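The lines below spell out each chain.
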Amino acid sequence: MSGFIRVVDAVKTFGDPERGGVRALDGVSLEVARGEVVLVIGPSGSGKSTLLRAVNRLERLDSGGIWIGDDEVTARRADLRRIREDAGMVFQSFNLFSHMSVIDNVTLAPRLVRRTPAREALEEGRAILERVGLGDKLDAYPRQLSGGQQQRAAIARALAMNPKALLFDEPTSALDPEMIKEVLDVMTALADDGMTMMVVSHEMGFARAAADRVVFMDRGRIVEQGTPDELFASPREARTKEFLGHIL
Amino acid sequence: MTNGRRAARIAAGVPWWLVLLVGLGAIALGTALADASYRVIFGAVARGFGVTIGVALASYAASLALGLLLGLARSSRLRPLREASTFYIELVRGLPMLVILYYIAFVGAPALAEVLNGLLAPLIRAGAVKAFQARDFSFATRAGLALTLGYAAFIAEIFRAGIESVDKGQVEAAHALGLSHSQTMLRVVLPQAVKNVLPALANEFVAIIKDSALVSVLGVQDITQIGKVYAASTFKFFETYNVVAFFYLCMTVSLSMLVRALERRLKRESAR
């Protein structure tokens, strides 16, 4: 297969499995092709965030394997730096470095990890911030920004490492309704530019506008997947129908 | 009516404890300038001022450095480091500062001389350096070392609390960007941790100034020791200890106020 991100039979248990531990991932296999945008939906506790976090090894699997390109994420001696350069991550709670200005947030990793000269990093950072509509907020601190602006800054920070794929963990869940659109617009523009994206989110508007495929997870398993139209209009599984009934 | 209410509001905002303290301080200073015997005591005790400040500053600086290392080790991923620093911290925090002081002065210093002699044995045999003796370490040095070792344990716990106060998401974000553990600690966690515990760290300086009085038991000529000797020889206990207290209060109250101002400023900044 030609998947850029490949997840094979991923299993992850939290807590002691003998004593009621939770199987967050119960044999998940998934491939995301280069340039593909995959939306992962499911009820809370379905394992969708765990799956995303396992892809750049913020979580370690109990068994199974994950590859990004030719790099095995799950290898014991995996080159974490390279994996994380390849797959950037955007968090629900933004997690901007609160003691740094926006531009320092964006240039920190290029300077430290890629050893980009400061001036070059600054120019690149400025261009990326322009792209997400924050060209006038370079010297602002995170606490001075709205939630939507913070999330766009966080996307810029991930983009600054030139990732081959971006992972979004509920990027709009912590936002006020009027700020969701500005973040989704940035994400849609990235999708249009051909970025490979894995997005955990229930934003149906984004799914219709940008997603190539929607994956429905429940209790650590992939229940059903298909194009947004297929899955939303005519789900096959009863559980999918029930879940979509709640969120649509 | 409104005037009365305004007066009441202003009265409520005044830190009366401070007014009283400054008032007493002014009276003390006035008396001292007017009274010849107070003038003499002031002059005598003032000679210990440098020693008190010197011991406090040196011990504080050294215990900040040692405390930071211990605090980092305490929050390390490596178990042996964690266990070793916890061992040290619990041991030292379980001892009275006075006992640490005696221990370092009369057990630690000779032992340190032995260790240094052991390490430098070839050089000493060759005659390049002289063998160390316990008396090569002045009592001021031993006292400073004891305060350092004692305070490092407290300061380590402050640093640990600061490190733990930083949101886990900050670490995850740094890791997700490819930063190594040490880069994450140095560039992301520590700056925020230190900012969070700055007032607590500054309070330790006030505490170390007060505990520096303990060095007097080793005969180090600080404010307390000079006052003690002076009072014993002149029987002017009341006047002498008034002056001693005055010196300490000048340092500690003003520093405490600076810490409060710092706290308010940090709070305002984070609220903005």
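Per chain, residue numbering runs from 1 following the sequence as it is written. Here chains are named by letter from A upward and ligands by number from 1 upward, in the order in which they appear as written. Reporting in this predicted model follows two pLDDT cut-offs: at least 70 for local features of residues, and 80 or more for side-chain atom pairs to be given and counted; totals over whole chains, interfaces and linings ignore these cut-offs and use all residues. The side-chain numbers reported here are obtained from all heavy atoms of the structure, hydrogens and water having been left aside.

### What to know about the interface of chain A and chain B
Selection rule: The contact criterion used is simple: two residues touch if any of their non-hydrogen atoms lie within 4.5 Å. Buried area is a sum: the accessible area each of two parts loses on coming together, probed at 1.4 Å, counted once for each and added. Salt bridges are identified by distance alone: a Lys or Arg side-chain nitrogen within 4 Å of an Asp or Glu carboxyl oxygen. Pairs of N or O atoms are called polar contacts if they sit within 3.5 Å, as long as, within protein, a hydrogen donor faces a hydrogen acceptor (for residues adjacent in sequence, only side-chain-to-side-chain pairs).
On the chain B side, the residues contacting the 25 residues of chain A number 19 residues. Counting the surface lost from both chain A and chain B, the interface buries some 1,800 Å², and carbon and sulfur atoms represent 56% of this. Applying the counting criterion to the chain A and chain B interface returns one salt bridge. Residues Glu-172 of chain B and Arg-53 of chain A are paired through a salt bridge, measuring 2.5 Å at the closest nitrogen-oxygen approach. At the surface where chain A touches chain B, the tally comes to eight residue pairs in polar contact (both at pLDDT 80 or more).

### A few points about the packing of helix H3 (residues 102-113) of chain A against helix H10 (residues 181-211) of chain B
Applied cut-off: Axes here refer to lines fitted to C-alpha atoms; in helices the fit is confined to the stretch in contact. Angles between the N-to-C directions go from 0 to 180 degrees. For helices the rule is a DSSP run of H or I covering at least 4 residues; for strands it is a run of E covering at least 2, with both sets numbered from the N terminus onward. Definitions for this section: a left-handed crossing has its near helix turned counterclockwise from the far helix by less than a right angle. A right-handed crossing has that turn clockwise. Each residue is assigned to one of three groups, with Ala, Val, Leu, Ile, Met, Phe, Trp, Tyr, Cys and Pro labelled nonpolar, Asp, Glu, Lys and Arg labelled charged, and all others, Gly among them, labelled polar.
H10 of chain B packs onto H3 of chain A with a crossing angle of 145 degrees between their chain directions and a minimal axis gap of 12 Å. Handedness of the crossing formed by H3 of chain A with H10 of chain B: right-handed. Contacts between H3 of chain A and H10 of chain B involve Leu-108, Arg-111, Leu-112 and Val-113 of chain A from the first element and Gln-183, Arg-187 and Val-188 of chain B from the second. Residues belonging to the contact of H3 of chain A with H10 of chain B are distributed by class as follows: four nonpolar, one polar and two charged.

### Topic: H3 of chain A
Heads up, the condition is: When accessible area is computed with a 1.4 Å probe and restricted to protein chains, residues below 20% of their type maximum are described as buried, those above 50% as exposed, and intermediate ones as partly exposed.
Judged by how many residues are buried, H3 of chain A sits mostly within the fold: 10 of 12 residues are covered. Of the residues making up H3 of chain A, those classed as buried are Val-102, Ile-103, Asn-105, Val-106, Thr-107, Leu-108, Ala-109, Pro-110, Leu-112 and Val-113 of chain A. The inward-facing, buried residues of H3 of chain A contact helix H2 (80-86), helix H4 (118-131) and helix H5 (147-159) of chain A together with H10 of chain B. Arg-115 of chain A occupies a position one or two residues after H3 of chain A and carries a positive phi of about 55 degrees.

### A word on the pairing of strand S6 (residues 87-90) of chain A
Residues and elements named next belong to chain A. Rules: Only when DSSP finds a minimum of two bridges between them are two strands counted as paired.
Side chains Ala-87 and Met-89 project from S6 onto one buried face, and the interleaved Gly-88 and Val-90 project onto a second face that is buried too. In this sheet, strand S7 (residues 165-169) lies alongside S6 in parallel orientation, the contact comprising four bridges. Residue Met-89 lies in a different strand from S7, and its bridge partner there is Leu-167.

### What to know about the sheet that holds strand S1 (residues 3-14) of chain A
Residue and element names in this part refer to chain A. Reading across from one edge, S2-S1-S4-S5 is the order of the four strands in this open sheet, with antiparallel pairing throughout. In this open sheet, the two strands that pair with only one neighbour each are strand S2 (22-33) and strand S5 (71-72). Relative to strand S4 (residues 63-68), S1 runs antiparallel, the two sharing five bridges. Within S4, the residue paired with Val-7 across the bridge is Ile-66.

Limitation: the analysis is restricted to geometry and does not speak to function.
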